[in-house]
Amino acid sequence: MLSSVKKIGRTVRAVTTRNPDQRISRLYELPDPRHQFADRATRYINIGYWADDSTTVDQAGEAVAAMLADAARFEVGQDILDLGCGYGDQDFLWLEEKNPRQIHAIDVTPRQIEGAQRRAAEEGVTDRLHFHVGTATKLPFDDWSFDRVVALDAALHFHTRADFFREAYRVLRPGGVLGTVDTIPLDPSTPRKGFRTPRFSLYRFAVPDENWYDRAGYAARLAEAGFVDGTVTSIREHTWEPWYRYWSGIAQDPSAHPDLPPEVLETVSKEWRDTDQIKGELDLLDYVVAIATKPA
Ligand SMILES: C[S@@+](CC[C@H](N)C(=O)[O-])C[C@H]1O[C@@H](n2cnc3c(N)ncnc32)[C@H](O)[C@@H]1O
């Protein structure tokens, strides 16, 4: 009882925080990581890329990270900047699989950065993998510092995404590539405040109005920041749709999932109470991979 009163207090404090970056970090610190990740080995906080309906949550998180690295053309020896890195699982993956010179990763949520820094120390990679608390819209790096700048399922929150594009452009070397995986509305006239299910409350409380545009709007803002060859491709049939089938399947028949920890079933039963309404809201959203180049 006391703990749920405290949780309501923390939620109200988070959603009423005026500073947008602080509001987001308070919202992302609401879930207890022991519950949030009880069903998996990784700590990805993205929707994931689901190859087919047998994909697991761990595989989906890893697959979307691998897809972004390939789309942004990661190569051996590069300097990479990852913004909105969360617990940094994708950075550990990229360090091992893509062999960059170094990765700097930034997130506004201190708890996530502390977790990522702890893991980097345990794995002995702090000489090449650097985690910082900070914001994607004001970067502590000189012009022309990186070959790649990426944001995996995070730029929707940045205040604003266009400011992040400008900062990414500044810190990229000529010929460098920006890559994002991101959520946007299919139709920008969809009211953002209309997202009412607990599962989508982040759209109501943690996405600035300035970021609410569709694929054409996304490409236009990339071009305004100076990028060329921008592409914004929908991958929603491998993201939102299978993600919905996976979680709504659990919500509709929890007894068919005795393998899942009780705390996960409890969260699903709270957040997925109304699967039809979630589907209705999800049908308004696109999930895209965007790639653009700073002219050489
Ligand atoms: C959906 S999570 C994705 C985390 C990670 N990229 C992943 O795929 O697991 C979005 C992340 O963006 C971070 N974030 C939101 N606004 C930010 C900002 N202005 N600067 C840096 N990080 C931000 C949040 O704290 C959160 O960790």
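The following paragraphs examine the structure supplied in this document. These numbers come from a predicted model, not from an experiment. (Residues numbered from 1 in each chain as written. Predicted model: local features only at pLDDT ≥ 70, side-chain atom pairs only at ≥ 80, totals over all residues.)

Moving on to the sheet that holds strand E5 (residues 172-185). The seven strands are arranged E3-E2-E1-E4-E5-E7-E6 in an open sheet whose pairing can be described as mixed. Of all the strands in the sheet, the pair left with one neighbour each is strand E3 (129-133) and strand E6 (228-234). Between one strand axis and the next, the sheet turns through 15 degrees on average, direction left out of account. The pairing of E6 with strand E7 (residues 285-293) spans five bridges and is classified as antiparallel. Note on E7: the bridge partner recorded for Thr-231 is Ile-291. Its contacts with the sheet put helix H5 (residues 89-98) on strand E1 (79-83), strand E2 (102-107), E3 and strand E4 (146-152), and the angle it makes with E2 is roughly 175 degrees. (Pairing = 2+ DSSP bridges. Helix = DSSP H or I, 4+ residues; strand = E, 2+ residues; numbered from the N terminus. Axes fitted to C-alpha atoms, helices over the stretch in contact; angles between N-to-C directions. Contact = placed C-beta atoms within 7 Å.)

Attention shifts here to the site of the ligand. In the vicinity of the ligand lie 26 residues, with Asn-46, Gly-84, Gly-86, Ala-154 and His-157 positioned nearest. Mapped onto the shell around the ligand, the elements with two or more residues apiece are helix H2 (20-28) and E2. The biggest single contributor to the shell around the ligand is H2, with four residues. In terms of residue class, the shell around the ligand is built from 12 nonpolar, 11 polar and three charged. (Near = placed C-beta within 6 Å. Nonpolar A, V, L, I, M, F, W, Y, C, P; charged D, E, K, R; others polar.)

A separate point is the pairing of E7. With nine bridges joining them, E5 and E7 adopt antiparallel strand pairing. Bridge assignment links Asp-182 to a residue of E7, and that residue is Val-288.

Attention shifts here to the nonpolar core. Counting 64 residues, the largest nonpolar core has Leu-68, Leu-83, Val-149 and Leu-152 as the members making the most contacts within it. Not counting residues up to four positions away in its chain, the partners in contact with Val-149 are Leu-81, Leu-83, Ala-168, Val-171, Leu-172 and Leu-178. (Core = buried A, V, L, I, M, F, W, Y, C linked by C-beta atoms within 7 Å. Buried ≥ 20, exposed ≤ 12 C-beta atoms within 10 Å, placed from the backbone.)

The next point concerns helix H9 (residues 215-224). When we look at burial in H9, the residues that qualify are Tyr-218, Arg-221 and Leu-222. Projected onto a plane normal to the axis of H9, the buried residues spread over an arc of 105 degrees and lie on a single side. Exposed side chains of H9 directed beyond 90 degrees from the buried face belong to Ala-216 and Glu-224. Along its buried surface, H9 packs onto helix H7 (161-171), E5, E6 and E7. In the stretch just after H9, Gly-226 is the one whose phi turns positive, near 110 degrees. (Arc of directions from axis to C-beta.)

For the rest of this paragraph, the subject is the pairing of E5. Most of E5 sits out of view: 11 of its 14 residues are buried. Sheet topology places E4 next to E5; six bridges connect them, and they run parallel. Paired with Leu-152 across the strands is Val-181, a residue of E5.

Distances and angles like these do not, on their own, reveal function.
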